[in-house]
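# Coordinates in review
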Amino acid sequence: MDHASSRDPVTFYGRSFASRMMIGTALYPSPAVMQKAIAASGAGIVTVSLRRESAGGRTGAAFWDLVRETGAAVLPNTAGCRSVKEAVTTAELARDLFDTPWIKLEVIADDETLQPDVVGLVEAATVLMRDGFEVFPYTTEDLGVAMRLVDAGCRVVMPWAAPIGSARGIIHADALKLMRERLPDVALVVDAGLGAPSHAAEAMELGFDAVLLNTAVAKAADPVAMATAFRLAVEAGRTGYGAGLMGPRDFASPSTPVVGRPFWHGLT
Ligand SMILES: CC(=O)[C@@H](O)[C@H](O)COP(=O)(O)O
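Starting afresh in each chain, residues are numbered from 1 along the sequence in its written order. Local features in this predicted model are restricted to residues of pLDDT 70 or higher, and side-chain atom pairs are both shown and tallied only at a pLDDT of 80 or more, whereas totals for entire chains, interfaces and linings draw on every residue. Where side-chain values are given, they derive from all heavy atoms of the structure, hydrogens and water being excluded.

As annotated in an unreviewed UniProt entry, the chain carries the name Thiazole synthase and is attributed to Phreatobacter cathodiphilus. The chain has a UniProt comment under Pathway (unreviewed entry) that states "Cofactor biosynthesis; thiamine diphosphate biosynthesis." UniProt positions are given in the numbering used here, feature names are shortened, and annotations may be inferred rather than shown by experiment. For the chain, the Function (unreviewed entry) comment in UniProt is given as "Catalyzes the rearrangement of 1-deoxy-D-xylulose 5-phosphate (DXP) to produce the thiazole phosphate moiety of thiamine. Sulfur is provided by the thiocarboxylate moiety of the carrier protein ThiS. In vitro, sulfur can be provided by H(2)S."

In this section: the site of the ligand. It suffices for a single heavy atom of a residue to lie within 4 Å of a molecule or strand for the residue to be listed as near it. Every residue lining the ligand is accounted for by K104, E106, Y138, I164, G165, D191, A192, G193, L212, L213, N214 and T215. Between D191 and the ligand, the recorded distance is 2.7 Å, taken from a side-chain N or O atom to an oxygen atom. In this structure, T215 approaches the ligand through a side-chain N or O atom, which is 2.4 Å from an oxygen atom. Taken by itself the ligand offers 360 Å² of open surface, and the protein chains cover 91% of this. Its residues assigned to classes, the shell around the ligand shows 5 nonpolar, 4 polar and 3 charged. The definition of a polar contact used here is a pair of N or O atoms within 3.5 Å, where within protein one atom must be able to donate a hydrogen and the other to accept one, and adjacent residues in sequence count solely through side-chain atom pairs. The accessible surface values rely on the Shrake-Rupley method and a 1.4 Å probe; as for residues, cover is taken only from the protein chains in view. Gly counts as polar in this scheme, as do all residues outside two lists: the nonpolar Ala, Val, Leu, Ile, Met, Phe, Trp, Tyr, Cys and Pro, and the charged Asp, Glu, Lys and Arg.

Here we come to the side chain of D191. Numbered from the N terminus, helices here are DSSP runs of H or I no shorter than four residues, and strands are runs of E no shorter than two. Note that D191 resides in strand 11 (residues 187-191). Separated by 3.1 Å, the side chains of D191 and K104 make a polar contact.

Helix span is expected to be 1.5 Å times the residue number reduced by one. Counted at 1.5 Å a residue, the expected span for helix 10 (residues 223-243) with its 21 residues is 30 Å, and the 30 Å between its end C-alpha atoms agrees. Taken together, the buried residues of helix 10 touch strand 3 (21-24), helix 1 (31-41), helix 8 (197-205), strand 12 (210-213) and helix 9 (215-218). Positive phi shows up at G244, right after helix 10, with a value of about 90 degrees. Contact criterion: two residues are considered in contact whenever any of their non-hydrogen atoms come within 4.5 Å of each other.

Taking the UniProt record as the reference, the feature "active site" (unreviewed entry) is found at K104. Its place among the elements puts K104 in strand 6 (residues 102-105). Excluding anything up to four places from it in sequence, K104 contacts T47, L75, P76, N77, T78, F136, Y138, M158, D191 and L212.

Attention now goes to the environment of D209. Considering the arrangement of structural elements, one finds D209 in the loop between helix 8 and strand 12. Residue burial is assigned from relative accessible area. The probe radius is 1.4 Å, only protein chains are included, and a residue is buried under 20% of its type maximum, exposed over 50%, and partly exposed in between. Look at D209 and you get buried, because its relative accessible area is 16%. Counting along the chain gives 29 residues from D209 to R238, while the straight-line C-alpha distance between them is 8.4 Å. Apart from residues lying up to four places away in sequence, D209 is in contact with V10, R20, R180, V186, A187, L188 and M204. At 2.7 Å, the side chain of D209 and the side chain of R180 are in polar contact.

What follows covers the packing of helix 8 against helix 10. Two elements in contact, helix 8 and helix 10, have axes separated by 7 Å at closest approach and are oriented at 25 degrees. Put simply, helix 8 runs roughly parallel to helix 10. Regarding helix 8 and helix 10, the two cross each other, and that crossing is right-handed. Of helix 10, the residues touching helix 8 (which contributes P197, A200, A201, M204 and E205) are M226, A229, F230, A233, V234, G237, R238 and Y241. The class makeup of the residues in the contact of helix 8 with helix 10 is 10 nonpolar, 1 polar and 2 charged. For helices, the axis comes from a line fit to the C-alpha atoms of the stretch in contact; other axes are also lines fit to C-alpha atoms, and the angle between any two N-to-C directions lies between 0 and 180 degrees. The labels follow the angle: roughly parallel below 35 degrees, roughly antiparallel above 145, roughly perpendicular from 65 to 115, and oblique for the rest. A clockwise turn of the near helix away from the far one marks a right-handed crossing, whereas an anticlockwise turn of less than a right angle marks a left-handed crossing.

Okay, here's the thing in structure tokens:
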């Protein structure tokens with residue numbers, strides 16, 4: 001019987017990638033460390049903030065060159081947008097600047113916590129999908145919102161594990177499991193709040209298609225080593241999921257025989 005494995009490619013809007021990890025480009029101690037960490041992560045997709053790039057000038061151009069040198073596909077994002085209008089305008093600028101229909105859509109309700117505004121998100125996703133974008137919406141674990149995003153045409157949904165930068169890992173595993181169960185044909189990516197490689201493995205074991213993370217790698221004492229650890233964890237989690245995880249049981253189930261006699265009985 002064939003099983004899914006870490007070597008199965010993942011597909012987003014018709015583009016396939018060997019790696020199931022996406023990585024952010026913010027917060028690294030230096031551009032050189034960012035490049036090395038991206039390489040160590042094996043990520044085929046990097047996300048970049050349009051606000052940073054649209055600032056233009058030498059800093060923006062130099063940063064864009066560094067990202068391009070990684071060879072990864074670019075997923076521009078609308079980080080920091082607080083309204084539908086702002087997110088749609090930013091997406092349009094991103095399409096021109098990065099020459100891609102992809103947009104990681106973030107509509108933020110609260111500057112302090114970066115809590116997603118899920119009402120504005122569905123509205124902006126509807127506008128952008130109608131306008132030919134391929135939207136990767138960043139949302140909470142709420143199934144109802146995810147279903148509205150799918151109704152709007154999104155083929156990818158990116159629920160959080162936990163609030164951005166919190167490093168708490170998956171807080172509502174049951175809600176993510178339900179989302180996986182109810183949206184079997186949608187590419188689901190756990191985005192934000194992953195703090196340890198084991199969190200990424202858990203997301204993959206839940207059957208998610210990929211993970212996206214930034215802070216845990218960028219802020220690690222050794223970002224390159226941490227990127228490697230996340231890569232291995234994603235591969236392990238995906239392979240474990242494909243191998244068919246046994247379900248938990250309420251009570252013990254003996255894994256060693258309790259009948260018969262030890263084979264060495266009588267030899268001494
Ligand atoms: C939505 C968002 O901005 C995230 O993609 C973020 O960049 C990654 O979250 P962490 O920094 O918590 O990994």
